[in-house]
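# What the coordinates show
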Amino acid sequence: MKKRLLALALCLVLVSSLLPITAAAEAYDFGSVFVGLENGGVYCEDVQFELHLENYPAELSGFDHFRISPDYGTDWVITSDGDGKYTLHVSAGIEHPYIMITCNDGEVIEALRITLKNGHNWSAWTSNGDGTHSRTCGNGCVDSPQTEFCADYNADCKCDDCGASMHIWRYTTTENSLTAECGNSGCTIGEVSVKLNAHSVTLPDSPFNATLEVSENFKEAFPNAQVTGPKYVYFESGNPVEVTRDSFTPKAGQYQAQAYIDGLPGGGEIAARAVGNEDGIAGTHVDLWVDYTAADPAITAQTGDNRPIELMMASVLVFSALAAAAFVLDGKRKYRQ
């Protein structure tokens, strides 16, 4: 009986002496030992990693080497590149091998479990709408998803990989127009435009006369762009007030017709007319406008002339200039006589 109790006591002492090492092994992050590998990661191509044995905690100083699980023999290969650097070769395609940290008697203390696939299972490239495209590996590997910049080496204005639009748009703007021309010599669209038109009137002709001219190929060039308008502003005592045909009785004064273009690519290329992204629409925002007037017919009723007051004032100035010139010429003729 005493021998059994003594044996049990020795076992308890042995187990208790191993507890600090076991606890340290469970708490320690061995990812700092295998730098470049992820525990549970999936690898579809050869990968380089580093073995940092100096990162062992002091409690595990006796665990001085790593090896591949003997269950897999030599079916897959790790080669040394020197200076603690290694290459893991995945050509064997083993599903769930381990890289082990072991003690000198072969007992496994910690292991990284990874999955090896012999080659990627890539999806087709898909445009991200921002000049890049992405693809994913069906194996769920650590290299997935991949994102790269689009490229157009054959100059057909399409990405060679995902087919996304790759026009080199150059913009020209005025107060009431936008013109976009593709700088790619192989472009089949060439030039597109948007123009806002409006003109002065004499009441009761409607001042709500603005029109938008959008080239037929605009939507082909900018499928994600939106053209909004025309909208109208009336300047009440100099203050702009948005008005509509249904809610505003036209009266004499200053008007402005407005239109907006959102979602144009190439944010910084429209100079001062670019106002960033508005209303959550990706791309560049551009304003177009036209200032014009509506004349009060009571002002022109005395002459029976129903033309806009601006035209009448211009006519007065022209006739005044002609009269002055005639007076000067007549004075010179009398002087010569």
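Our subject is the structure listed above.
We now turn to the structure provided with this report. Everything quoted here is computed from the prediction, not taken from an experiment.

Here we come to the overall build of the chain. On a plain count of helices and strands, the chain comes out with four helices and 21 strands. Of all 337 residues assigned to the chain, the portion counted as buried reaches 32%. Taking the intrachain contacts of the chain between residues at least 6 apart in sequence as the baseline, contacts between residues at least 24 apart amount to 48%.

If you look at the biggest cluster of nonpolar residues, it comprises 33 residues, and the most contacted ones within it are Trp169, Phe218, Phe222, Ile261 and Leu264. Elements supplying a minimum of two residues to this core: strand S13 (169-174), strand S14 (177-182), strand S15 (191-197), helix H2 (218-221), strand S18 (226-236), strand S20 (253-264) and strand S21 (284-295). The next biggest cluster of nonpolar side chains, apart from the first, holds 13 residues, and it includes Leu51, Ile78, Leu112 and Leu116.

All right, on to the pairing of S18 then. Two faces make up the sheet, and in a regular strand the side chains alternate between them. Here seven bridges tie S18 to S20, and the two strands are oriented antiparallel to one another. Considered in S20, the bridge of Gln226 is made with Asp262. Strand direction decides the pairing type here: S18 and strand S19 (residues 239-243), joined by five bridges, are antiparallel. Bridge pairing in S19 links Phe235 to Pro240. The loop that links S18 with its antiparallel partner S19 comprises two residues; one of these, Ser237, has a positive phi angle of about 55°.

This part covers the pattern of salt bridges. Here the idea is simple: oppositely charged side chains can pair when their charged atoms come close. For the structure shown, the criterion picks out one salt bridge. The shortest N-O distance in the salt bridge between Lys251 and Glu236 comes to 3.1 Å. Taken together, the positions of Lys251 in the loop between S19 and S20 and Glu236 in strand S18 put the pair 15 residues apart, joining distant regions of the chain. For Lys251, a relative accessible area of 34% gives the class partly exposed. Note on Glu236: relative accessible area 35%, which makes it partly exposed.

Structurally, the position occupied by Asn39 is in the loop between strand S1 (34-35) and strand S2 (42-43). Counting along the chain gives 76 residues from Asn39 to Thr115, while the straight-line C-alpha distance between them is 9.5 Å.

Cis geometry is found at the peptide bond from Ser144 to Pro145, where omega equals 0°. Summarising the element assignment, Pro145 is placed in the loop between strand S11 (132-135) and strand S12 (146-149). Residue Pro204 follows Leu203 across a cis peptide bond; omega there is 15°. With respect to the helices, strands and loops of the structure, Pro204 is situated in the loop between strand S16 (201-202) and strand S17 (211-214). Positive phi outside glycine occurs at Cys157, with the angle close to 65°. Among the structural elements, Cys157 can be located in the loop between S12 and S13. On the accessibility criterion, Cys157 (4% relative accessible area) is buried. Not every positive phi belongs to a glycine, and Ser237 is a case in point at roughly 55°.

Thresholds applied
- Residues numbered from 1 in each chain as written.
- Predicted model: local features only at pLDDT ≥ 70, side-chain atom pairs only at ≥ 80, totals over all residues.
- Heavy atoms only, no water.
- Helix = DSSP H or I, 4+ residues; strand = E, 2+ residues; numbered from the N terminus.
- Buried < 20%, exposed > 50% of the residue type's maximum accessible area, 1.4 Å probe, protein only.
- Contact = heavy atoms within 4.5 Å.
- Core = buried A, V, L, I, M, F, W, Y, C linked by side-chain atoms within 4.5 Å.
- Pairing = 2+ DSSP bridges.
- Salt bridge = Lys/Arg side-chain N within 4 Å of Asp/Glu carboxyl O.

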